[in-house]
Amino acid sequence: MNALTHPIVSFNHVGKLFEVDGGSLEAIREFNLQIAEGEFVAIVGSSGCGKSTLLRLLIGLDTDFRGEIQVDGKAVTGIGSERGIVFQEHRLFPWLTVEENIGLGLVNEPLSNEQRQRRVHDFIDLVGLKDFTRAYPHQLSGGMAQRVAIARGLVASPRILLLDEPFGALDALTRQQMQDELLAIRERAHITTVLVTHDVEEAIFLADRVVVMEPRPGRIKRVVDIDLPHPRQRSSFDFHQLREELLHELTSDGHYVAPQPEQIRDLHPAFIAC
Ligand SMILES: Nc1ncnc2c1ncn2[C@@H]1O[C@H](COP(=O)(O)OP(=O)(O)OP(=O)(O)O)[C@@H](O)[C@H]1O
Ligand SMILES: [Mg+2]
């Protein structure tokens with residue numbers, strides 16, 4: 001990818017330590033990555049290699065780190081509406097309807113009620129949930145709930161969308177449908193996307209570049225360009241070759257640990273609607 005002379009996202013010498021039991025744990029070391037506007041970057045790596053931590057730093061939920069993260073040339077110092085995030089578990093509020101949950105994505109936007117309503121309904125249409133506007137999360141399937149979470153991540157029209165294992169809990173078929181939908185949404189909205197996934201096929205199917213991380217401390221092992229034209233064929237020879245290559249990168253050192261479903265840490269509007 002060129003256009004990296006003016007990246008929309010830039011990680012410069014980023015490092016992150018956590019204090020654990022009186023000692024310190026180095027979660028990220030010397031992470032450097034430039035992401036061009038409109039680019040789709042996937043991050044893969046063993047459990048605990050710092051993928052979610054990187055997204056939390058980029059979204060601005062944790063500002064205690066070394067180095068600098070820039071969005072559009074400005075240092076990240078907190079959350080901002082140009083960045084949206086979707087977590088592995090959908091984190092919908094069970095007592096709010098689909099439209100109310102999506103509306104939470106607009107809490108910080110200076111809009112009239114009418115504009116807010118219109119925007120929410122546009123995004124309900126976009127993710128194909130028109131007949132479920134007033135439904136509660138327990139009345140939705142896993143895939144539908146995840147679509148609501150994606151609509152909430154997109155409703156403030158972010159320029160950058162961060163996705164942390166967004167389809168991890170879905171069955172294989174729904175997962176593929178969601179991947180197709182994500183590509184279609186991206187096509188229409190030209191959003192820069194950073195996807196964390198443990199699914200190498202998902203990364204190759206969707207991304208322009210795949211960042212392979214290695215653990216303890218989390219750092220970049222390799223960045224692989226995915227130059228296959230869209231729509232990508234999972235059964236093609238080139239796809240298969242890339243899959244083998246990435247799996248080898250991930251597992252060749254014998255330390256690969258598969259990620260477990262992420263634990264919900266803070267279920268708070270400021271956390272989900274940024
Ligand atoms: N709030 C925290 N306090 C202390 N340690 C943390 C905290 N958050 C993450 N860590 C540690 O930082 C490391 C990276 O964690 P992170 O959640 O970013 O990994 P991950 O790559 O997302 O893993 P997974 O694939 O399992 O989701 C881990 O060793 C984890 O234990
Ligand atoms: Mg994680």
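Residues numbered from 1 in each chain as written. Chains lettered and ligands numbered in written order. Predicted model: local features only at pLDDT ≥ 70, side-chain atom pairs only at ≥ 80, totals over all residues. Heavy atoms only, no water.

The next subject is the sheet that holds strand β7 (residues 160–164). Within the open sheet, the six strands sit side by side as β6-β7-β8-β3-β9-β10. Their pairing is mixed. If you trace the sheet from one side to the other, it starts and ends with β6 (83–86) and β10 (219–225), each paired once. On average, adjacent strands in this sheet sit at an angle of 20 degrees to one another, irrespective of strand direction. As paired elements, strand β3 (residues 40–44) and strand β9 (residues 209–214) share four bridges and run parallel to each other. Paired with isoleucine 43 across the two strands is valine 211, which belongs to β9. Sheet strands in contact with helix α1 (residues 51–59) are β3, β6, β7, β8 (192–196) and β9, and its direction is about 150 degrees off that of β7. Across the sheet, helix α4 (residues 142–154) is in contact with β6 and β7; its angle to β6 comes to roughly 170 degrees. (Pairing = 2+ DSSP bridges. Helix = DSSP H or I, 4+ residues; strand = E, 2+ residues; numbered from the N terminus. Axes fitted to C-alpha atoms, helices over the stretch in contact; angles between N-to-C directions. Contact = heavy atoms within 4.5 Å.)

The next subject is the pairing of β10. When β9 meets β10, the two strands line up antiparallel, connected through six bridges. Across the sheet, residue glutamate 214 finds its bridge partner in β10, namely arginine 219. Linkage of β9 to β10, two consecutive antiparallel strands, is achieved through a turn of four residues, within which arginine 216 is found at a positive phi near 50 degrees.

In the vicinity of ligand 1 lie 13 residues, with Ser47, Gly48, Lys51, Ser52 and Thr53 positioned nearest. Backbone polar atom of cysteine 49 to an oxygen atom of ligand 1: 3.2 Å apart, as the coordinates give it. In this structure, serine 52 approaches ligand 1 through a side-chain N or O atom, which is 2.9 Å from an oxygen atom. Of all the secondary structure elements, the ones that give two or more residues to the shell around ligand 1 are β1 (9–20), β2 (23–35) and α1. Among the elements that take part in the shell around ligand 1, α1 stands out by supplying three residues, more than any other. (Near = heavy atom within 4 Å. Polar contact = N/O pair within 3.5 Å; in protein donor to acceptor, adjacent residues only side chain to side chain.)

Right, let's talk about helix α5 (residues 172–189) for a bit. With 18 residues, α5 extends 26 Å from end C-alpha to end C-alpha; this agrees with the ideal 26 Å at 1.5 Å per step. Within α5 the residues assigned to the buried category are Thr174, Arg175, Met178, Gln179, Leu182, Leu183, Ile185 and Arg186. Where α5 is buried, its residues touch β3, α3 (113–126), α4, β7, β8 and α6 (200–206). Two to three positions downstream of the cap, the backbone nitrogen of leucine 173 sits 3.2 Å from a side-chain oxygen, assigning the N-cap of α5 to aspartate 171. Directly after α5, the chain includes histidine 190, whose backbone phi takes a positive value near 50 degrees. (Expected span 1.5 Å × (residues − 1). Buried < 20%, exposed > 50% of the residue type's maximum accessible area, 1.4 Å probe, protein only.)

Topologically, valine 76 is positioned in the loop between β5 (74–75) and β6. By relative accessible area, which is 9% here, valine 76 ends up buried. For the pair valine 76 and leucine 58, spaced 18 residues apart in the sequence, the C-alpha separation amounts to 7.2 Å. Beyond its immediate sequence surroundings of up to four residues, valine 76 is in contact with Leu57, Leu58, Gly60, Ile69, Val71 and Arg83.

This paragraph deals with the nonpolar core. Ranked by internal contacts, the top residues of the largest apolar core, which has 49 residues, are Ile102, Leu140, Ile204 and Val210. Beyond its immediate sequence surroundings of up to four residues, leucine 140 is in contact with Leu92, Val98, Phe132, Ala135, Ala145 and Val148. Core analysis: the next-biggest nonpolar cluster, separate from the first, contains 29 residues, Ile8, Phe11, Leu55 and Ile59 among them. (Core = buried A, V, L, I, M, F, W, Y, C linked by side-chain atoms within 4.5 Å.)

In this section: the sheet that holds β1. Strand order across the open sheet formed by four strands is β2-β1-β4-β5, with antiparallel pairing between neighbours. Of all strands in the sheet, those bounded by a partner on one side alone are β2 and β5. Where α1 meets the sheet, its contacts fall on β1, β2 and β4 (66–71), and the angle it forms with β1 comes to roughly 115 degrees.

All right, on to the pattern of salt bridges then. Scanning the model with the defined rule gives 17 salt bridges in all. One salt bridge connects arginine 222 with glutamate 245, and the closest N-O pair in it is separated by 2.7 Å. With a gap of 23 residues between them, arginine 222 in strand β10 and glutamate 245 in helix α7 (residues 237–251) connect regions that are remote in the sequence. Here arginine 222 falls in the partly exposed class, since its relative accessible area comes to 28%. (Salt bridge = Lys/Arg side-chain N within 4 Å of Asp/Glu carboxyl O.)

Looking now at α4. Helix length check: α4, at 13 residues, gives a terminal C-alpha distance of 18 Å against a target of 18 Å (1.5 Å per residue), a fit within 8%. Within α4, 12 of the 13 residues are buried, leaving the element largely enclosed by the surrounding structure. Of the residues making up α4, those classed as buried are Gly143, Met144, Ala145, Gln146, Arg147, Val148, Ala149, Ile150, Ala151, Arg152, Gly153 and Leu154.

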